[in-house]
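Structural characterization, general
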Amino acid sequence: MPGKSVQRSELHLVVPGICGPLADAAPLASNPIIERWIKTLSKSRCLNAQDNSDANDVLASIFQLDFENDFPSAAFTLLANDLYDPEKFYMHADPVHLQADIDSALLTPGTDLNISDAEADRFCQALNQHFAEDGLMFQVMNNKQWFVSSKKEIKLKTTPLVYATARNINFLLPSGDDAIRWKQLLTEAQMLLHAHELNAAREAAGRMSINSLWFHGSGKLMPFENNGVNHLCGDDDLLKGFSLQVKCDYLQRPASVNGYLDYLLSCEPGTKSVLHLAELEHLVNYTDVQPWLKQLEKTLDGWFYPLLDFSNKNNIKLTLYPCNEKKYQFSKHDVLKFWRKDPLEKHVNSY
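Each chain has its residues counted from 1, following the order in which its sequence is written. Residues qualify for local features only when their pLDDT is at least 70, as the model is predicted, and side-chain atom pairs are given and counted only at 80 or more; totals for whole chains, interfaces and linings, by contrast, use all residues. Think of the side-chain values as coming from all heavy atoms in the structure, minus any hydrogens and water.

So, about the overall build of the protein. The numbering of helices and of strands both runs from the N terminus, where a helix is a DSSP run of H or I of at least 4 residues and a strand a run of E of at least 2. Assigned secondary structure in the protein consists of 11 helices and 12 strands. When we talk radius of gyration, it's over C-alpha atoms, and the globule rule is simply 2.2 Å times the number of residues to the 0.38. Here the C-alpha radius of gyration of the protein, 22 Å, is about what a compact globule of 351 residues would show, namely 20 Å. For the protein, the C-alpha atoms occupy an extent of roughly 70 × 50 × 35 Å along the three principal directions. When accessible area is computed with a 1.4 Å probe and restricted to protein chains, residues below 20% of their type maximum are described as buried, those above 50% as exposed, and intermediate ones as partly exposed. By the burial criterion, 51% of the 351 residues in the protein qualify as buried. Intrachain contacts of the protein at a sequence separation of at least 6 include 73% that bridge at least 24 residues. Computed with the Shrake-Rupley method and a 1.4 Å probe, the accessible areas treat only the protein chains shown as cover for residues. For the protein, the accessible surface area stands at approximately 17,400 Å², while carbon and sulfur atoms represent 50% of it. In the protein, 34 positive and 44 negative side-chain charges are present, and the distance between their average locations comes to 8 Å. Contacts are assigned to residue pairs with any non-hydrogen atoms lying within 4.5 Å of each other. For the purpose of charge, His is not counted, nor are the chain termini; Lys and Arg are scored as positive and Asp and Glu as negative. Every charge is mapped onto a representative atom, which is NZ of Lys, CZ of Arg, CG of Asp or CD of Glu.

What follows concerns the packing of aromatic side chains. Only the six-membered ring of Trp is used, alongside the rings of Phe and Tyr, when aromatic pairs are assigned; centres must lie within 6.5 Å, and planes under 30 degrees apart are stacked while those over 60 apart are edge-to-face, with the rest tilted. Within this structure, the stated rule accounts for 15 aromatic pairs. Relative to F242, the ring of F76 has its centre 5.2 Å away and its plane inclined at 70°; by these criteria the two rings are edge-to-face. In this pair, F76 sits in helix α3 (residues 73–80) while F242 sits in helix α8 (residues 237–246), placing the two residues 166 residues apart along the sequence. With a relative accessible area of 0%, F76 lands in the buried category. Judged by relative accessible area, F242 falls into the buried class, the value being 0%. Centre to centre, the rings of F131 and F138 are 5.7 Å apart; their planes meet at 45°, and the pair counts as tilted.

Moving on to a negative patch on the surface. Residues forming no salt bridge and having over 30% relative accessible area are the ones grouped into patches, like charges within 9 Å of each other and nonpolar side chains (Val, Leu, Ile, Met, Phe, Trp, Tyr) within 5 Å. We define a salt bridge as a contact between a side-chain nitrogen of Lys or Arg and a carboxyl oxygen of Asp or Glu at a distance within 4 Å. Judged by side-chain charge, D66, E68, E153 and D177 come together as a negatively charged surface patch. Looking at the element boundaries, E153 is found in the loop between β6 (145–150) and α5 (161–164). Judged by its relative accessible area of 42%, E153 is partly exposed.

Moving on, we get to the packing of α3 against α8. Every axis corresponds to a line fitted to the C-alpha atoms, with the helix fit spanning only the stretch in contact, and the corresponding angles, defined between N-to-C directions, vary from 0 to 180 degrees. In the contact formed by α3 and α8, the axes pass within 7 Å of each other and the chain directions differ by 85°. Judged by the inter-axis angle, α3 sits roughly perpendicular to α8. Contacts between α3 and α8 involve S73, F76, T77, L79 and A80 on the former and, on the latter, D237, L238, K240, G241, F242, L244 and Q245. When grouped by side-chain class, the residues that make up the contact of α3 with α8 number six nonpolar, four polar and two charged. Note on angle classes: values under 35 degrees are labelled roughly parallel, values over 145 roughly antiparallel, values of 65 to 115 roughly perpendicular, and the remainder oblique. As a working rule, the residues Ala, Val, Leu, Ile, Met, Phe, Trp, Tyr, Cys and Pro are called nonpolar, Asp, Glu, Lys and Arg charged, and the rest polar, with Gly in that last group.

With four of five residues buried, strand β11 (residues 317–321) lies mostly within the body of the structure. Any two strands with at least two DSSP bridges between them are considered paired. Here β11 runs beside strand β12 (residues 326–330); their pairing, made up of three bridges, is antiparallel. Opposite L320, over in β12, you have Y328 as the bridge partner. In textbook terms, the turn of a hairpin is the stretch between consecutive antiparallel strands, and for β11 and β12 this stretch comprises four residues, one of which, C323, has a positive phi near 65°.

The biggest cluster of nonpolar side chains holds 41 residues, and the ones touching the most others in it are W37, W292, F304, L307 and L320. Residue assignment for this core shows that the elements contributing at least two residues are β1 (10–14), α1 (32–42), α9 (257–265), α10 (290–313), β11 and β12. Ignoring anything within four residues of it in the chain, the contact list for L320 reads L13, V15, I18, W37, L41, F304, K327, Y328 and F330. The next biggest cluster of nonpolar side chains, apart from the first, holds 30 residues, and it includes A75, L79, F147 and L239. Here the nonpolar core consists of buried residues drawn from Ala, Val, Leu, Ile, Met, Phe, Trp, Tyr and Cys, with membership extended through side-chain atoms lying within 4.5 Å.

Below, the discussion takes up the side chain of Q329. Tracing the sequence through the fold places Q329 in strand β12. Contact partners of Q329, with chain neighbours within four places excluded, come to S44, R45, L47, K317, L318, T319 and D334.

Bringing the sheet that holds β12 into the picture now. With respect to topology, seven strands assemble into an open sheet ordered β2-β12-β11-β1-β10-β8-β9, the strand pairing being mixed. Across the chains shown, the open sheet's two edge strands, defined by having one partner strand only, are β2 (45–48) and β9 (249–252). When the angles between neighbouring strand axes are averaged without regard to direction, this sheet yields 20°. Note that strand β8 (residues 231–234) and strand β10 (residues 272–276) share three bridges and pair parallel. In the sheet register, H231 faces β10, and the bridge partner there is S273. Helix α2 (residues 55–62) contacts β1, β8, β10 and β11 of the sheet and is inclined by roughly 160° relative to β1.

With respect to the helices, strands and loops of the structure, D309 is situated in helix α10. In sequence terms D309 and D236 are 73 residues apart; their C-alpha atoms lie 26 Å from each other.

Here the focus is the state of the cysteines. Whenever a pair of cysteine sulfur atoms sits within 2.5 Å, that pair is classed as a disulfide. In this structure the tally under the stated criterion is zero disulfides. No disulfide involves C267; its sulfur sits 10 Å from that of C233, the nearest cysteine. When its relative accessible area of 19% is taken as the criterion, C267 is described as buried.

So, to be careful, I would describe these as geometric facts and stop short of saying anything about function.
So this is what it looks like as structure tokens:
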């Protein structure tokens, strides 16, 4: 009797920002790092993935999950830190600075605002006092990550903070059934923060004020069925909480690709693994493309190319998700397509 066929292992590589979008990609066309990258992508199989516009969408598609409203990233993050109460609905309420003019408002995230722990606590105390009658509670997980909880369901579609950074947020505000209410609450919060004495002190010291919040990642956790993913590897509490909820193993990302390759070697044939690399995601917000290019080289040489070589040698199906409504499938036979080289703009987007 013929032997039973061994199921092929899969590696799903989620790397938001690895294909942009950049402020202006054209000057990179003759760069050797970009040339090699485009040639590699040109030889792969590029597929449309319209439901994969950000990293959260990609995770939902890989695990075959359907969220009626938002991807509940706040709840996942709190679950990872033992701060989740299943009786409540949660949302990120991250501290930000908005620079507004007549027809735009540009967002600076808390990571760039140097917020002290004491400031974070006092701001949230003021928010809790003001919104107590609305049944809302604000909490600080750290000085850059704040959350709001409600006993009422939050029905919104929101934009993750990283995709709102340095953008005109007037086009990115929450939508959905509860959008009007939460926009009103945001306006109240902005007025409260603007008048707070801590912001007067920050401005007097020449520092940006914390004059707004960014609401995103709303919702409550529901039971999810794992569709066969064995391992999720990353460096984010959101991913850890997500793994807990879908009941797959979570691996803290090793310091180098060698540690991850050793881990893959220890896996049984037919294993379905997901690896998330986040270093490029926020760099697409810069108008200067050089920081992105510098990190791209590190990501490609330090992670992607070694993973591609390993997958080809071990017959692992490698799929790359740039989180731009495309996905790339690679094969050990791609080397035979040596003549293929697409134009830059097919694979690296500009905004």
